[in-house]
Amino acid sequence: MTTKKFLFTSESVTEGHPDKVCDQISDAILDAFLSKDPKARVAAETSVTTGMVLVAGEITSSCYVDIPKVVRQTIEHIGYIGKSGGGFDANTCAVLTSIDEQSSDIAGGVNTALETRSECACDLGETEELGAGDQGIMFGFACDETPELMPLPISLAHRLALRLSYVRKDGTLSYLRPDGKTQVTIEYIDGVPSRIDTIVISTQHDPVIGTETDNNRVQKIISEDLKKHVIAPVFKNDAIKPDETTKYLINPSGKFVIGGPQGDAGLTGRKIIVDTYGGYSRHGGGAFSGKDPTKVDRSAAYACRYVAKNIVAAGLAKKCEVQLGYAIGVAYPVSVFVDTFGTGAVSDDEISTIISKNFDLRPASIIKQFDLRNLPARNGGDFYRLTASYGHFGRTDVEFPWENLDKVADLKKAANLSCGCGC
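Below is a summary of the structure that appears in this document. (Residues numbered from 1 in each chain as written. Predicted model: local features only at pLDDT ≥ 70, side-chain atom pairs only at ≥ 80, totals over all residues. Heavy atoms only, no water.)

## Digging into the packing of helix α8 (residues 296-313) against helix α10 (residues 363-370)
Geometry of a packed helix pair, given as the angle between the helix axes and the separation of the axes.
Piece 1. Packing of α8 against α10 leaves a shortest axis separation of 10 Å and a crossing angle of 65°. As judged from the angle between their axes, α8 and α10 are roughly perpendicular. Considering only the axes of α8 and α10, their crossing is left-handed. Along its contact with α8, which presents Val296, Ser299, Ala300, Tyr302, Ala303 and Tyr306, the element α10 presents Pro363, Ile366, Gln369 and Phe370.
Piece 2. Within the contact of α8 with α10, the residues separate by chemical class into 8 nonpolar, 2 polar and no charged. (Axes fitted to C-alpha atoms, helices over the stretch in contact; angles between N-to-C directions. Helix = DSSP H or I, 4+ residues; strand = E, 2+ residues; numbered from the N terminus. Parallel < 35°, antiparallel > 145°, perpendicular 65-115°, else oblique. Left-handed = near helix turned anticlockwise from the far one by under 90°. Contact = heavy atoms within 4.5 Å. Nonpolar A, V, L, I, M, F, W, Y, C, P; charged D, E, K, R; others polar.)

Structure representation (structure tokens):
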């Protein structure tokens, strides 16, 4: 049998990346409204560039939120403030807003769902009828490559990006600035991760490190520091570590002083692959940030991950991708598709049937199960902003309800697999 080898790469970005600045602002606005009004309808889009933030969208709520204040607080939390902000300052940037109410045509379809039901639907108790906020397709994915059941490349890229931000904020590498990107290339042999081929980190930094002004020397210091304080701690307890053949590309373009919104314009929703599975799984195309839970782009994508993760954790498959399709104003999904890529302990058709009998995938049911409307208030007004950096899935630094594995026993029983409890 021929051994199949391939390289797969995923990237992540830090919270100071201009697109991620926008995602966090949009989600901080969502947090602010839902904290006061859990039934607020929010679709907040943000754009940033040098010295300016524009917030636009549709928001319907009974409560007032000081949007410019939320914007400035979010930017300050990221680290763009004063001289250390790298050319973008929370206190001096212009904040423009252009907000309308949600379209009454959309609201009507969402508020009262059409009485349409697909064959894949199941009834798991009474719940309010709520139509999907838009048509669309959503994907969820899980695999057994990591303890959190995520693909290894995106998992490592996120961990490196999060560590890069951590050493900036705790002062270990105080010369770092908020903008940064990471990338990890994994070599697979017969579909199994075998080694780390390449690690790429690009990080914004002060023009002077200590008293050193020569750029060649500055870049050497950065390279040595990141290997010691970022890369080494991330891989400390991992089974697969960088080896003597691993390539390191740290600030490969050289100087990176101008960054963030000064270096590049940013938009909400432009990092949807970073937000999900690093390109390892398909994507429906819809972004998450700034959208309240009635938007199935967000809530149904969370449900898809929840379903796929529980299927893999239950041993029904080693790798699982779930797709849902919705129509605007219709409560039940129009389709449920499952692909286990030949790794299933039972057939994909059987897994699809098990999903239909064990998961209620109506928007109102998803919102209720994960308590999506009340999460900001329950977490001090700060929940969705935390999803906007370092991935919405597989996180170990925060707790997201769609990562719960509370369906494992039910799925094992439904598939006639031993749950290990003697039943």
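Moving on, there is more to tell.
## Side note on the environment of Asp134
Piece 1. By secondary structure assignment, the location of Asp134 is in the loop between α3 (104-111) and β5 (136-143).
Piece 2. You can call Asp134 partly exposed: its relative accessible area is 40%.
Piece 3. Taking the C-alpha atoms as reference, Asp134 lies 6.6 Å from Lys295; in sequence the two are 161 residues apart.
Piece 4. Setting aside residues no more than four positions away along its own chain, Asp134 makes contact with Val296, Tyr326, Ala327 and Ile328. (Buried < 20%, exposed > 50% of the residue type's maximum accessible area, 1.4 Å probe, protein only.)

## Points about unusual backbone geometry
Piece 1. For Asp371, which is not a glycine, the phi torsion comes out positive at approximately 55°.
Piece 2. Examined against the element boundaries, Asp371 turns out to sit in the loop between α10 and α11 (375-378).
Piece 3. You will see that Tyr390, though not glycine, has its phi angle at about 70°, which is positive.
Piece 4. Along the chain, Tyr390 turns up in the loop between α12 (384-387) and α13 (408-414).

## Concerning the sheet that holds strand β9 (residues 266-267)
Piece 1. The strand order β4-β3-β2-β9 describes an open sheet built from 4 strands, whose pairing is mixed. Only two strands of the sheet have a single neighbouring strand rather than two, namely β4 (94-100) and β9.
Piece 2. Two strands pair when backbone bridges link them, and strand β2 (residues 41-49) and β9 are joined in this way by 2 bridges, in the antiparallel orientation. If you follow Val48 over to β9, its bridge partner there is Gly266.
Piece 3. The strands that helix α1 (residues 18-36) touches are β2, β3 (52-60) and β9; relative to β2, the one it contacts most, it runs at about 150°. (Pairing = 2+ DSSP bridges.)

## Some details on the pattern of salt bridges
Piece 1. One pass over the full model with this rule turns up 24 salt bridges.
Piece 2. Ionic contacts of the salt-bridge type, sharing partners, join the residues Glu187, Arg195, Asp197, Asp243 and Lys247 into one network. (Salt bridge = Lys/Arg side-chain N within 4 Å of Asp/Glu carboxyl O.)

## A word on the packing of aromatic side chains
Piece 1. The tally for this structure, following the rule as stated, stands at 19 aromatic pairs.
Piece 2. Ring plane angle 70° and centroid distance 5.8 Å describe the contact between Phe141 and Tyr277, whose orientation is recorded as edge-to-face. You can see Phe141 sitting in strand β5 and its partner Tyr277 sitting in the loop between α7 (272-275) and α8, a full 136 residues away along the chain.
Piece 3. Accessibility expressed as a relative area gives 1% for Phe141, which makes it buried.
Piece 4. Exposure remark for Tyr277: the relative accessible area of 2% places this residue in the buried category.
Piece 5. Between Phe288 and Phe393 the ring centres are 6.1 Å apart and the planes differ by 80°, which places this aromatic pair in the edge-to-face class. Pair noted here: Phe288 is in the loop between α7 and α8 and Phe393 is in the loop between α12 and α13, with a separation of 105 residues, a long-range link. Each member of the pair, Phe288 together with Phe393, is buried. (Phe/Tyr/Trp six-rings, centres within 6.5 Å; stacked < 30°, edge-to-face > 60°.)

Everything listed here is a matter of coordinates, which is why it stays silent on function.
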